[in-house]
Amino acid sequence: MALSVPQISVMIVLMAEADEVTNPELKERYNITLDGKDRRHLNDLKLVESRKRGRSFAHVLTDDGWARLAEEIRAGVKVTSGSNGAALRAVLAGLVRFLSRTDQRFGDVFQPVQAAAEDGVQDVEARVRAVYAELTREPGGWVSLTDVRVRLADVPQNVMDEALRSLNRQPDVVMVPEDNQKALRPEDRRAALAVGDQDKHYLSIGAR
């Protein structure tokens with residue numbers, strides 16, 4: 001069954017990420033999301049697997065999705081028109097030539113950053129604690145995750161998320177949601193940490 005330009009485009013993004021990505025992350029990084037009929041279509045074709053994570057969906061390419069996308073790219077898929085589309089097609093064509101020359105697959109080129117993330121999580125935890133100490137006058141005070149992420153904007157989001165999740169499991173750390181959801185700004189929603197089925201917006205360290 002044919003795929004639309006938006007569907008192929010989001011699959012290319014998922015290929016580049018090579019890992020599970022939420023709609024808020026897609027929106028922040030690439031200004032796209034995978035929702036509605038496009039999500040259902042890709043799910044029904046078993047090209048993309050989607051699951052609820054917090055209040056949003058998270059998506060990852062399946063093995064069939066990787067194979068189908070490789071076919072589409074080798075066939076010279078036209079993702080978009082204009083100069084941007086031409087540049088992307090040139091890059092993808094060059095990638096196909098490289099893979100053919102080196103006898104590699106797309107999955108050999110695009111790898112998740114999780115391994116690198118794990119190596120850096122402890123360092124980021126220490127940085128979060130340092131930023132927290134700068135932002136509050138006493139242990140146990142509440143600090144917005146938005147402010148923490150702004151201070152540590154150089155940290156990749158997936159690494160920051162893992163560091164915050166690790167901190168959240170530590171006995172001196174508490175994270176809570178904003179009681180007044182209407183007061184949340186878009187940047188607050190993007191900075192939230194999904195824990196189970198709840199988004200956390202504030203961080204407290206050292207109260208226990």
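Everything in this summary refers to the structure shown in the same document. This structure is a prediction, so every number in the text was calculated from the model and none was measured.

The rules we used
Residues numbered from 1 in each chain as written. Predicted model: local features only at pLDDT ≥ 70, side-chain atom pairs only at ≥ 80, totals over all residues. Heavy atoms only, no water. Pairing = 2+ DSSP bridges. Helix = DSSP H or I, 4+ residues; strand = E, 2+ residues; numbered from the N terminus. Buried < 20%, exposed > 50% of the residue type's maximum accessible area, 1.4 Å probe, protein only. Phe/Tyr/Trp six-rings, centres within 6.5 Å; stacked < 30°, edge-to-face > 60°. Lys NZ or Arg CZ within 6 Å of the ring centre and 35° of its normal. Contact = heavy atoms within 4.5 Å. Axes fitted to C-alpha atoms, helices over the stretch in contact; angles between N-to-C directions. Core = buried A, V, L, I, M, F, W, Y, C linked by side-chain atoms within 4.5 Å. Salt bridge = Lys/Arg side-chain N within 4 Å of Asp/Glu carboxyl O. Parallel < 35°, antiparallel > 145°, perpendicular 65-115°, else oblique. Nonpolar A, V, L, I, M, F, W, Y, C, P; charged D, E, K, R; others polar.

### Topic: the sheet that holds strand 5 (residues 173-176)
Two strands in a sheet stick together by hydrogen bonds in their backbones, pointing the same way (parallel) or opposite ways (antiparallel).
(1) Moving on: With antiparallel pairing, the three strands of this open sheet are ordered in space as 4-8-5. The open sheet terminates on both sides in strands that have one partner only, identified here as strand 4 (143-144) and strand 5.
(2) Moving on: The sheet contact formed by strand 5 and strand 8 (residues 202-205) spans four bridges and is antiparallel. The residue of strand 8 that forms the bridge with M175 is L203.

### Focus: the side chain of H201
(1) Moving on: Within the secondary structure, H201 sits in the loop between strand 7 (198-200) and strand 8.
(2) Moving on: Since its relative accessible area comes to 4%, H201 is described here as buried.

### Considering the packing of aromatic side chains
(1) Moving on: Taken as a whole, this structure holds zero aromatic pairs when the rule is applied.
(2) Moving on: Directly above the aromatic system of F57 lies the positively charged group of R39, at a separation of 4.0 Å from the ring centroid.
(3) Moving on: Across from the ring centre of F57, 5.5 Å away, lies the NZ or CZ of K52, which sits over that ring.

### Brief notes about the sheet that holds strand 1 (residues 21-22)
(1) Moving on: Read across the sheet, three strands follow the order 1-3-2 without closing on themselves; strand pairing throughout is antiparallel. One side of each edge strand has no neighbouring strand; the edge strands of this open sheet are strand 1 and strand 2 (48-53).
(2) Moving on: Judged from the two bridges that link them, strand 1 and strand 3 (residues 56-61) form a sheet pairing that is antiparallel. Of the residues in strand 3, the one forming a bridge with V21 is H59.
(3) Moving on: Contacting strand 1, strand 2 and strand 3, helix 1 (residues 5-17) runs over the sheet at an angle of about 75° to strand 3.

### Considerations on the nonpolar core
Soluble globular proteins tend to pack their nonpolar side chains together in the buried interior.
(1) Moving on: Membership of the largest hydrophobic core comes to 27 residues, with the highest contact counts inside it found for M11, M15, L42, L69, I73 and F106.
(2) Moving on: Broken down by element, this core gets its largest block of residues, seven residues, from helix 1.
(3) Moving on: For M15, the contacting residues outside a window of four places in its chain are L61, W66, L69, I73, F106 and F110.
(4) Moving on: Counting residues in each nonpolar core, the second largest holds 20 residues, with V121, V148, V159 and V173 among its members.

### Topic: the pairing of strand 3
(1) Moving on: Taken together, the six bridges between strand 2 and strand 3 define a ladder with antiparallel strand orientation. Looking across to strand 3, one finds that E49 is bridged to V60.

### With respect to the pattern of salt bridges
(1) Moving on: The final tally for this structure, using the stated rule, is 14 salt bridges.
(2) Moving on: R55 serves as the salt-bridge partner of D199, at 3.2 Å between the closest nitrogen and oxygen. Here D199 is found in strand 7, whereas its partner R55 is found in the loop between strand 2 and strand 3, with 144 residues between them in sequence.
(3) Moving on: In this structure D199 comes out as buried when scored by relative accessible area, which is 16%.

### As for the side chain of N23
(1) Moving on: By secondary structure assignment, the location of N23 is in helix 2 (residues 23-30).
(2) Moving on: Exposure remark for N23: the relative accessible area of 6% places this residue in the buried category.
(3) Moving on: What N23 contacts, discounting residues up to four positions off in sequence, is I32, T33, L34, D35, F57 and H59.

### Points about the packing of helix 2 against helix 9 (residues 157-168)
(1) Moving on: Between helix 2 and helix 9, whose axes approach to 12 Å, the crossing angle comes to 140°. The orientation of helix 2 with respect to helix 9, classified from their angle, is oblique. Facing E25, E28 and R29 of helix 2, the residues of helix 9 in contact are Q157, N158 and D161.
(2) Moving on: Residue classes in the contact of helix 2 with helix 9 are distributed as no nonpolar, two polar and four charged.

### Considering helix 3 (residues 36-44)
(1) Moving on: Here helix 3 has its buried residues at R39, H41, L42 and N43.
(2) Moving on: Tucked into the core, helix 3 has its buried residues touching helix 1, strand 2 and strand 3.
(3) Moving on: A positive backbone phi angle near 60° is found at K46, which sits one or two residues after helix 3.

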